[in-house]
Amino acid sequence: MKNKAEIGITGGIASGKSTASRYLQQQYNLILCDADIYAREAVEPGSEIWQTICDRYGSQISLPNGQLNRPKLGEIIFSNSQEREWLEGQIHPYVGDRFQGILDRASPTHRLVFSIPLLFEAKMTNLVQEVWVVYCLPQQQRERLMKRNNLSEEEAEARISSQMPLEQKCEKADRILDNSSTEADLLIQIDEAMASISL
Ligand SMILES: CC(C)(COP(=O)(O)OP(=O)(O)OC[C@H]1O[C@@H](n2cnc3c(N)ncnc32)[C@H](O)[C@@H]1O)[C@@H](O)C(=O)NCCC(=O)NCCS
Ligand SMILES: Nc1ncnc2c1ncn2[C@@H]1O[C@H](COP(=O)(O)OP(=O)(O)OP(=O)(O)O)[C@@H](O)[C@H]1O
């Protein structure tokens, strides 16, 4: 059993968390545990949370194969903060329990990195020893998100503004990774960080 993961990676949507955490997994053999995966697991067809969501939003929210219509759910929750908080209230306890279960089962020799987009918002800082925030400039974040998810400027802005401002996350960070230059530059900063904490 472990009390905490060595590193918690957070940041803004599309700021570069996956890029950073994948590198820690591949280059440094840390075991990567990703909140987005657990949030998807929580709403697998047939689960209790899936049923609760279907009951609330009706047939518009599921696809013919039973999976949730994620773009539709995104439209609903990113344009209405009450609905977003309701959905988070369903999913975050499941995600928190999932991380706790991993700590309970981990051997002290395992080195873990938890990637948690809403680490501060969902009050999950107690799960990790150090919080690393991946930062990029607001305009880059918007452009990367629009490009990757094929969103309009307005849709991208709604998603970004539903999270704690990235500047505020940086103030709470133990370490800031600046991803406003190239991806290669981000990886160099990770190498420097890893050298200084000798994991
Ligand atoms: C709204 C949903 C269905 C949209 O799904 P979609 O496949 O388009 O996006 P995906 O799940 O890959 O999330 C992409 C990114 O959006 C951001 N994001 C997700 N949920 C939220 C949220 N509630 N508030 C702010 N940002 C969020 C995160 O940075 C995440 O990495 C989905 O994001 C969801 O179920 N969100 C609620 C669960 C949650 O809070 N997840 C974050 C785990 S800490
Ligand atoms: N330094 C960079 N320069 C240009 N594009 C980048 C850079 N770093 C990441 N990207 C691109 O930006 C997008 C977001 O990166 P990534 O998926 O790592 O972010 P994320 O924080 O994990 O996103 P999400 O919150 O949506 O899960 C990806 O398409 C990625 O290829």
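Since this is a predicted model, take the numbers as computed values, not measurements. (Residues numbered from 1 in each chain as written. Chains lettered and ligands numbered in written order. Predicted model: local features only at pLDDT ≥ 70, side-chain atom pairs only at ≥ 80, totals over all residues. Heavy atoms only, no water.)

### Section: the site of ligand 1
Worth spelling out the cut-off: To be near a molecule or strand, a residue needs just one of its heavy atoms within 4 Å of it. Contacts described as polar in this section are N or O atom pairs within 3.5 Å, which, within protein, must combine one atom able to donate a hydrogen with one able to accept it, while residues neighboring in sequence count only if both atoms come from side chains. Per-residue and other accessible areas follow the Shrake-Rupley method at a 1.4 Å probe size, with only the shown protein chains counted as cover for residues. Every helix listed is a DSSP run of H or I at least four residues long, and every strand listed is a run of E at least two residues long, numbered separately from the N terminus. Put simply, Ala, Val, Leu, Ile, Met, Phe, Trp, Tyr, Cys and Pro go in the nonpolar bin, Asp, Glu, Lys and Arg in the charged bin, and everything else, Gly too, in the polar bin.
The immediate surroundings of ligand 1 are formed by 21 residues, with Asp36, Arg70, Glu88, His92 and Gln163 found nearest. Note that an oxygen atom of ligand 1 is positioned 2.8 Å from one of the side-chain N or O atoms of Arg70. Residue Glu88 places a side-chain N or O atom 2.7 Å away from a nitrogen atom belonging to ligand 1. Burial of ligand 1 by the surrounding chains reaches 92%, relative to a free accessible area of 770 Å². Counting residues per element, the ones that place at least two in the shell around ligand 1 are α2 (35-42), α4 (70-77) and α5 (81-105). The biggest single contributor to the shell around ligand 1 is α5, with five residues. Class assignment of the residues belonging to the shell around ligand 1 gives a composition of 10 nonpolar, four polar and seven charged.

### A closer look at the layout of surface pockets
The test is simple: Here a cavity denotes grid points, spaced 1 Å and computed from the protein atoms alone, that fit a 1.4 Å probe unable to get out, and a pocket denotes an open set having protein on both sides within 12 Å along at least 5 of 7 lines; residues with an atom within 4 Å of a point are the lining. Grid points are joined across faces, edges and corners, and a volume is the space filled by probe spheres set on the points.
In this structure, the second largest pocket occupies an estimated 180 Å³ of space. Contributing elements (two or more residues each) for the lining of the second largest pocket: α6 (138-149), α7 (153-161) and α8 (166-172). Classifying every residue of the lining of the second largest pocket gives eight nonpolar, four polar and three charged.

### A few points about the packing of aromatic side chains
The condition is simple: Only rings of Phe, Tyr and Trp enter the pairing, Trp through its six-membered ring, and a pair is recorded when the two centres are within 6.5 Å. The plane angle decides the type: under 30 degrees is stacked, over 60 is edge-to-face, the rest tilted. Relative accessibility decides the category of a residue: with a 1.4 Å probe and only protein chains considered, values under 20% of the type maximum give buried, values over 50% give exposed, and everything between is partly exposed.
Under the counting rule described, the total for this entry stands at four aromatic pairs. Ring centres 5.2 Å apart and planes at 80° place the aromatic pair Tyr38 and Phe99 in the edge-to-face group. With Tyr38 in helix α2 and Phe99 in helix α5, this residue pair connects regions lying 61 residues apart in the sequence. Taking the relative accessible area as the measure of exposure, Tyr38 reaches 8% and is therefore buried. The class for Phe99 is buried, based on a relative accessible area of 0%.

### Let's talk about the UniProt feature "binding site: ATP" (unreviewed entry) in the protein
Rules: UniProt positions are given in the numbering used here, feature names are shortened, and annotations may be inferred rather than shown by experiment. Any two residues whose heavy atoms approach within 4.5 Å at even a single point are treated as in contact.
Feature annotation in UniProt assigns "binding site: ATP" (unreviewed entry) to the following positions: Ala14, Ser15, Gly16, Lys17, Ser18 and Thr19. Note on placement: Ala14 falls in the loop between β1 (5-11) and α1 (17-28). Beyond its immediate stretch of four places on either side in the chain, Ala14 contacts Cys136, Gln141, Arg144, Leu145 and Arg148. Owing to a relative accessible area of 0%, Ser15 belongs among the buried residues under this scheme. Not counting residues within four places of it along the chain, the set of residues in contact with Ser15 comprises Val134, Cys136, Arg144, Leu166 and Asn179. A polar contact is formed between the side chain of Ser15 and the backbone oxygen of Gly12, at a distance of 3.0 Å.

### Points about the confidence of the model for the protein
Detailed reading of the predicted model is not advised wherever pLDDT is low. What counts here: What pLDDT reports is the predictor's confidence in each residue, on a scale of 0 through 100.
Here the protein averages 96 in pLDDT, while 100% of its residues score no lower than 70. Across the assembled chains, the prediction reports ipTM 0.95 with pTM 0.96.

### Re the sheet that holds strand β4 (residues 128-135)
Paired through their backbone hydrogen bonds, the strands of a sheet run either parallel or antiparallel. Rules: What makes two strands pair is DSSP finding at least two bridges between them. Axis definition: a line fitted to C-alpha atoms, limited for helices to the stretch in contact. Angles are taken between N-to-C directions and run from 0 to 180 degrees.
With respect to topology, five strands assemble into an open sheet ordered β2-β3-β1-β4-β5, the strand pairing being parallel. Each edge of the open sheet carries a strand with a single partner, namely β2 (31-34) and β5 (175-178). Neighbouring strand axes in the sheet, compared pairwise and without regard to direction, differ in orientation by 25° on average. Bridging between β1 and β4 involves six bridges; their strand directions are parallel. From the neighbouring strand, Ile7 faces β4, where its bridge partner is Glu130.

### Topic: α6
Given 3.6 residues to a turn, an α-helix orients residues that are three or four positions apart in the same direction. Where we set the bar: Under the convention used throughout, the expected extent of a helix is 1.5 Å for every residue step, that is, one less than its residue count. Directions drawn from the helix axis to the C-beta atoms are what define this arc.
Relative to the 16 Å expected for 12 residues at 1.5 Å per residue, α6 spans 16 Å between its end C-alpha atoms, a close match to the ideal helical length. Those residues of α6 not exposed but buried are Gln140, Gln141 and Leu145. Angularly, the buried residues of α6 cover 125° about the axis, an arc narrow enough to put them on a single face. Those residues of α6 that are buried are in contact with α7 and α8. A positive backbone phi angle near 55° is found at Asn150, which sits one or two residues after α6.

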